Amino acid sequence: METIPEIKSRIDSSSSDVARCFFMPTCPKSTESMASFAMSFSEIYASPITKPINCNTNQTNSSFAPPPTLQGNRNNLLASYSGKAYVSGLTPQEFIEDALQWGAKCQPPMDSEEVHSVVNSMWQTHTRNNPAAMPNVSRLTKYLRTAEDLRKDPPLEWTVRGVLPNNGIGAIYGAPSSGKTFLALDLAFAIATGKPWFGNPTIQRSVAYIALEGSHGIRQRMAAWEISNSITTPKNLYFVTASVSVEDDLAWRALSKEISNTLGDGAIVFIDTLNRASPTADENTSASMGRIIEAAKYMASLINGFVMFVHHAGKDSQKGLRGHSSLLAALDTVIKVSSATNQRVWSIEKSKDSEIGICNAFELKTVELGSEDIWGITHTSCTVSQGILKPQSKPIKGKHQQQVINVLTAMLLDDSSEAITQTDLEIKVAKDLDIDDPKRAKERAKSAVSSLIDSGHLLVTNGVITPS
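Presented here is a report on the structure given in the accompanying data block.

Across its full length, the chain holds 14 helices and 15 strands. Across the 468 residues in the chain, those meeting the buried criterion constitute 44%. By sequence separation, contacts in the chain at least 24 residues apart represent 63% of the contacts at least 6 residues apart. On the chain, roughly 25,000 Å² of surface is accessible, and the fraction owed to carbon and sulfur atoms is 51%.

Once that is clear, we can look at the nonpolar core. Soluble, globular proteins show a tendency: their nonpolar side chains are buried together. Ranked by internal contacts, the top residues of the largest apolar core, which has 35 residues, are Val269 and Val307. For this core, the elements supplying multiple residues, two or more each, are β5 (168-174), β6 (207-211), α8 (249-263), β8 (268-272), α9 (274-277), α10 (286-303), β9 (306-312) and α11 (326-330). Residue contributions to this core peak at eight residues, all from α10. With sequence-adjacent residues up to four places away left out, valine 307 is seen in contact with Gly168, Ile169, Gly170, Val269, Ile271, Ala296, Met299 and Ala300. Ala184, Phe189, Phe270 and Val384 belong to the second largest nonpolar core, which has 34 residues in total.

Bringing the sheet that holds strand β13 (residues 378-386) into the picture now. Reading across from one edge, β7-β6-β8-β9-β5-β10-β11-β12-β13 is the order of the nine strands in this open sheet, with mixed pairing throughout. Each edge of the open sheet carries a strand with a single partner, namely β7 (237-240) and β13. Averaged over all pairs of adjacent strands, the angle between strand axes in this sheet comes to 25 degrees, irrespective of strand direction. Bridge count for β6 against β8 is five bridges, and the pairing is parallel. Within β8, the residue paired with valine 207 across the bridge is isoleucine 268. Contacting β5, β8 and β9, α10 runs over the sheet at an angle of about 150 degrees to β9.

On inspection of all chains with the given rule, the structure shows seven aromatic pairs. Taking the centre distance of 4.1 Å and the plane angle of 10 degrees together, the rings of phenylalanine 189 and tryptophan 225 count as stacked. Here the residue phenylalanine 189 occupies a position in helix α6 (residues 180-193), and tryptophan 225 occupies one in helix α7 (residues 218-229), the gap between them amounting to 36 residues. Taken as a pair, phenylalanine 189 and tryptophan 225 share a single burial class, namely buried. When the ring centre of tyrosine 298 is taken as origin, the NZ or CZ atom of arginine 253, which lies over that ring, is 4.5 Å away.

A word on the packing of α8 against α10. Closest axis-to-axis distance for the α8/α10 pair is 9 Å, and the angle between their directions is 25 degrees. On the basis of the axis angle, α8 is roughly parallel to α10. The crossing of α8 and α10 is right-handed. Contacts between α8 and α10 pair Trp252, Arg253, Leu255, Ser256, Lys257, Ile259 and Ser260 from the former with Ala295, Tyr298, Met299, Leu302 and Ile303 from the latter. In the contact of α8 with α10, the residues fall into eight nonpolar, two polar and two charged.

On to helix α14 (residues 438-454), then. Taking 1.5 Å of rise per residue, the 17 residues of α14 would be expected to cover 24 Å, and the 24 Å separating its terminal C-alpha atoms lies within 8% of that figure. Of the positions making up α14, those classed as buried are Ala441, Ala445, Ala448, Val449, Leu452 and Ile453. The arc enclosing the buried residues of α14, seen along the axis, measures out at 135 degrees, which places them on a common side. The exposed set on the far side of α14, more than 90 degrees from its buried face, consists of Lys439 and Asp454. At the N-terminal end of α14, a side-chain oxygen is found 3.1 Å from the backbone nitrogen of lysine 439, two or three residues along, and the residue is aspartate 437. Phi turns positive one or two residues past the end of α14, at glycine 456, with a value near 90 degrees.

Between glutamine 107 and the following residue, proline 108, the backbone shows a cis peptide bond with an omega angle of -10 degrees. Residue threonine 273 is bonded to the preceding aspartate 272 through a cis peptide linkage, with omega at 10 degrees. Tracing the backbone through its elements, the reader meets threonine 273 in the loop between β8 and α9. In this model, serine 177 sits at a positive phi of 70 degrees, which is unusual for a non-glycine residue. By relative accessible area, which is 66% here, serine 177 ends up exposed. Notably, phenylalanine 198 is not glycine yet its phi reads approximately 50 degrees, a positive angle. With respect to the helices, strands and loops of the structure, phenylalanine 198 is situated in the loop between α6 and β6.

Turning our eyes to something else, we now look at the side chain of threonine 333. Mapped onto the secondary structure, threonine 333 falls in strand β10 (residues 333-339). Given a relative accessible area of 1%, threonine 333 falls into the buried group. Those residues in contact with threonine 333 that sit more than four places away from it in its chain are Val163, Pro165, Ile169, Gly170, Ala171, Phe306 and Lys350.

Criteria and thresholds
- Residues numbered from 1 in each chain as written.
- Predicted model: local features only at pLDDT ≥ 70, side-chain atom pairs only at ≥ 80, totals over all residues.
- Heavy atoms only, no water.
- Helix = DSSP H or I, 4+ residues; strand = E, 2+ residues; numbered from the N terminus.
- Buried < 20%, exposed > 50% of the residue type's maximum accessible area, 1.4 Å probe, protein only.
- Contact = heavy atoms within 4.5 Å.
- Areas by Shrake-Rupley, 256 points an atom, 1.4 Å probe, with all protein chains shown as cover.
- Core = buried A, V, L, I, M, F, W, Y, C linked by side-chain atoms within 4.5 Å.
- Pairing = 2+ DSSP bridges.
- Axes fitted to C-alpha atoms, helices over the stretch in contact; angles between N-to-C directions.
- Phe/Tyr/Trp six-rings, centres within 6.5 Å; stacked < 30°, edge-to-face > 60°.
- Lys NZ or Arg CZ within 6 Å of the ring centre and 35° of its normal.
- Parallel < 35°, antiparallel > 145°, perpendicular 65-115°, else oblique.
- Left-handed = near helix turned anticlockwise from the far one by under 90°.
- Nonpolar A, V, L, I, M, F, W, Y, C, P; charged D, E, K, R; others polar.
- Expected span 1.5 Å × (residues − 1).
- Arc of directions from axis to C-beta.
- Polar contact = N/O pair within 3.5 Å; in protein donor to acceptor, adjacent residues only side chain to side chain.

Quick look at the structure:
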């Protein structure tokens, strides 16, 4: 190095780690010929690599991957591997997948979090210590956009008009036995065939249904749909019945790639259920839910389509989706499924781009499958059919419930009133009740509002309360 001043001047002299001593050319035209002097520290004394690394191309990092290694040398080799990727102009996002695959082949395999940590540390170190060696600005994402840029964006496109956009992540959720899985499967069939769903126009797209809960019954449900619709299952509808977890980074990426390669751009993926797809995660923590959300976003981005979770309601179904609140915030579409005493209903609880609160009734019709079990009992399953919204089975009763309706009506008629939350309504009702004890008035108001929600007279959508 002493004999090559051009290299010596570009060595990262601030680092004492031999694995991080790289010649990091920026590769402008004036120094393009120097790109061949990237250094290898696989031995104690380094020598120039004779094969040039062209920093001005979109070369993939796999072309300079070292062989997998044993524990004790993994971090050093990965650091070297990362440095070469940095020099070639890759971003951490472009490099991390190959790094994870390399780490998995080591003995023992490197933990994915450790791989992420090493890669991120390398990029931060070299970006800080070698500002001249940063990748060409033209490769970086353009963040700032003008109004004119926004006007050139294509309009929002729907797979199911008003229900499911072409891209993003969402959830269909409900209490056990509410019919959410049957509804999700019916939506999957509608998209695969391109037939309208509850009167909403549908664009035909390829679908993957990941059946992780009750996967043994998916065959019967498919057979019931075929009998009910007098057609065979379309060939662009695929099923996944093998166990898979979003927490297994390599397996999840492999599944996402397989879906992308087989179904192509614009696919729709159903994951039934979120809990079975993340069996060891704590849904109530932001860290675990964050990883689940990022996994869904990764798949949606790779397939350039939509990922829909089938999920459970919390213990209090009025509080929405089970788990950390970050899930609701991240979703583009949320469909709530409820089962009252006299009907099943699905409604748009959240939509970033369409009207919320729209309700549709549905029924589950029993279908005989034409086969019998070993005891001679005919196999059956169910299919979804559109129903008619029925009047509430329980009338409004008692002066307190009527007072709630009166107060809510007055609040809605007030032009200056903003969106009314359940808490806002309870506070207002408590003040209007003819009860001297404030604590007792608050309890009565809360009880009256909750009973009207349970009976279906009031709807809560994204925290906003409205008459049904």
